[in-house]
Amino acid sequence: MRGNLWDDPRVAAIVDATDTSEATVIGALYWLWATADDHTEDGMLQGMTVRQVDRKTGIPGFAQAVADIGWIEVEATGVRIVRFDEHNGASAKRRASESRRKVSARDADKMRTSGGHDEDAGRNGCGSSAHLEEEREEEVEGSRAESAIADSSPQADAFADDTGKVEGNGVPRCPQKAIVALYHEILPELAPVREWTDARARALGARWREKAERQSLTWWREYFEYVKTSDFLMGKVAGRSGRPFMGCNLEWLVTPSKMTNVIEGRYENSAPGGAA
């Protein structure tokens, strides 16, 4: 269960289809996912029927609504949780546990290293503690984002780990792996990155190098969080075509003209109509 599930457009679709509320639907989803986690290893609830799901949740039409948005598949022998292995089961729990352990170890090492650096800087009369604290926070942010990508993208091995490296011109090398992980973390409603092509890597790297302010994971977190506030970009409202815009993804967000339009507020909710 993720913290932003309440505002997921797919939850809203189930609410509309069943004429209930977000609280009711999320409670029913918790029962469904917890039941699958307790009683299956692959997400297949043998013998479960649509009628049983509706009866146990107390919501007529709930199972069909969940199937319509693609979270379950109704089969002749039961109900299957879609992409169950990515979020539940022993393997997913082990990945999450290992990620947390690695992040904790890296954070501890970096805090010890940064602490020694801070002490040396104090003796040498250079470097403020506030600046060093900002550097530590940025390093921790990068470590967490890098660990998260192991679960957030099936193409994790295709990403180069460039966090902390510097190019010949002194510009920090774009930490593409960490930025993609931030995108998945903050915008799970949008299309996930499944293949990271050379063209996509070049586009993201170019946006990173264009301005010094963008050479920070904090900037990219704030950028993705700003995107999330746009009902148009999140596909929640109709655009000028009369249909919701469903084309927003990471590649779209790092296209030069699109990024400029986003930053200039063209897709804000108060703007006079969205356009892709």
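Use the structure listed above.
Conventions we followed
Residues numbered from 1 in each chain as written. Predicted model: local features only at pLDDT ≥ 70, side-chain atom pairs only at ≥ 80, totals over all residues. Heavy atoms only, no water. Pairing = 2+ DSSP bridges. Helix = DSSP H or I, 4+ residues; strand = E, 2+ residues; numbered from the N terminus. Axes fitted to C-alpha atoms, helices over the stretch in contact; angles between N-to-C directions. Buried < 20%, exposed > 50% of the residue type's maximum accessible area, 1.4 Å probe, protein only. Lys, Arg positive; Asp, Glu negative; His and termini not counted. Salt bridge = Lys/Arg side-chain N within 4 Å of Asp/Glu carboxyl O. Polar contact = N/O pair within 3.5 Å; in protein donor to acceptor, adjacent residues only side chain to side chain. Contact = heavy atoms within 4.5 Å. Phe/Tyr/Trp six-rings, centres within 6.5 Å; stacked < 30°, edge-to-face > 60°. Core = buried A, V, L, I, M, F, W, Y, C linked by side-chain atoms within 4.5 Å. Parallel < 35°, antiparallel > 145°, perpendicular 65-115°, else oblique. Left-handed = near helix turned anticlockwise from the far one by under 90°. Nonpolar A, V, L, I, M, F, W, Y, C, P; charged D, E, K, R; others polar. Arc of directions from axis to C-beta.

Draft legend 1. The pairing of strand S3 (residues 78-81), seen in detail. For strand S1 (residues 44-46) and S3, the ladder comprises three bridges, and the chain directions are antiparallel. From the neighbouring strand, Gln 46 faces S3, where its bridge partner is Gly 78. In terms of strand pairing, strand S2 (residues 72-75) meets S3 through four bridges, oriented antiparallel. Paired with Glu 75 across the two strands is Gly 78, which belongs to S3. Where S2 folds back on S3, the antiparallel hairpin that results is connected by two residues.

Draft legend 2. Broad picture of the sheet that holds S3. Strands sit in the order S1-S3-S2 across an open sheet of three strands; the sheet is antiparallel. In the strand order of this sheet, the two ends are held by S1 and S2, each with one partner. Between one strand axis and the next, the sheet turns by 20 degrees as a mean value, whatever way the strands run.

Draft legend 3. Spatial organisation of unusual backbone geometry. Here Asp 19, not a glycine, exhibits a phi torsion of approximately 55 degrees, which is positive. Here Asp 19 lies in the loop between helix H1 (9-18) and helix H2 (22-39).

Draft legend 4. Looking closely at the side chain of Asp 54. In this structure, Asp 54 sits in helix H3 (residues 50-57). We note that Asp 54 is buried and unpaired, the nearest opposite charge coming from Arg 51 at a distance of 8.4 Å. Among the polar contacts listed, one links the side chain of Asp 54 to the backbone nitrogen of Phe 62, at a separation of 3.2 Å. Setting aside residues up to four positions removed in sequence, Asp 54 forms contacts with Ile 59, Pro 60, Gly 61, Phe 62 and Ala 63.

Draft legend 5. A look at the environment of Trp 33. Note on placement: Trp 33 falls in helix H2. For Trp 33 and Gly 43, which are 10 residues apart along the polypeptide, the C-alpha to C-alpha distance reads 8.7 Å.

Draft legend 6. Broad picture of the packing of aromatic side chains. What the rule picks out here adds up to 11 aromatic pairs. Their ring planes at 55 degrees and their centres at 6.0 Å tell us that Trp 220 and Phe 224 sit as a pair that is tilted. In this pair, Trp 220 and Phe 224 are both assigned in helix H10 (residues 217-228), four residues apart and thus about one turn of the helix distant. Here Trp 220 and Phe 224 have matching classes, each one buried. Centroid distance Phe 232 to Phe 245: 5.2 Å. Interplanar angle 10 degrees. Geometry classified as stacked. Remark: Phe 245 occurs in the loop between H10 and helix H11 (250-253) and Phe 232 occurs in the loop between H10 and H11; sequence separation between them is 13 residues. This pair shows no difference in class: Phe 232 is buried, exactly as Phe 245 is.

Draft legend 7. The nonpolar core, seen in detail. Among the nonpolar cores identified, the biggest contains 33 residues, and Leu 187, Trp 220, Tyr 223, Phe 224, Leu 233 and Leu 253 are the most heavily contacted of them. Elements that contribute at least two residues to this core include exactly helix H8 (176-186), helix H9 (198-210), H10, H11 and helix H12 (256-263). Those residues in contact with Tyr 223 that lie beyond four places of it in its chain are Leu 253, Met 259, Val 262 and Ile 263.

Draft legend 8. Structural detail: the packing of H8 against H10. For the pair H8 and H10, interaxial distance at closest approach is 10 Å and the crossing angle is 30 degrees. Regarding the angle of H8 to H10, the classification is roughly parallel. For the pair H8 and H10, the crossing hand works out as right-handed. Every residue of H10 that contacts H8 at Ala 178, Ile 179, Leu 182, Tyr 183, Glu 185 and Ile 186 is listed here: Leu 217, Trp 220, Arg 221, Phe 224, Glu 225 and Lys 228. Each residue belonging to the contact of H8 with H10 can be placed in one class, and the counts come to eight nonpolar, no polar and four charged.

Draft legend 9. H12, seen in detail. Here H12 has its buried residues at Lys 258, Met 259, Asn 261 and Val 262. The buried residues of H12 occupy an angular sector of 160 degrees when projected down its axis, which confines them to one face. Tucked into the core, H12 has its buried residues touching H9, H10 and H11. Positive phi shows up at Gly 265, right after H12, with a value of about 85 degrees.

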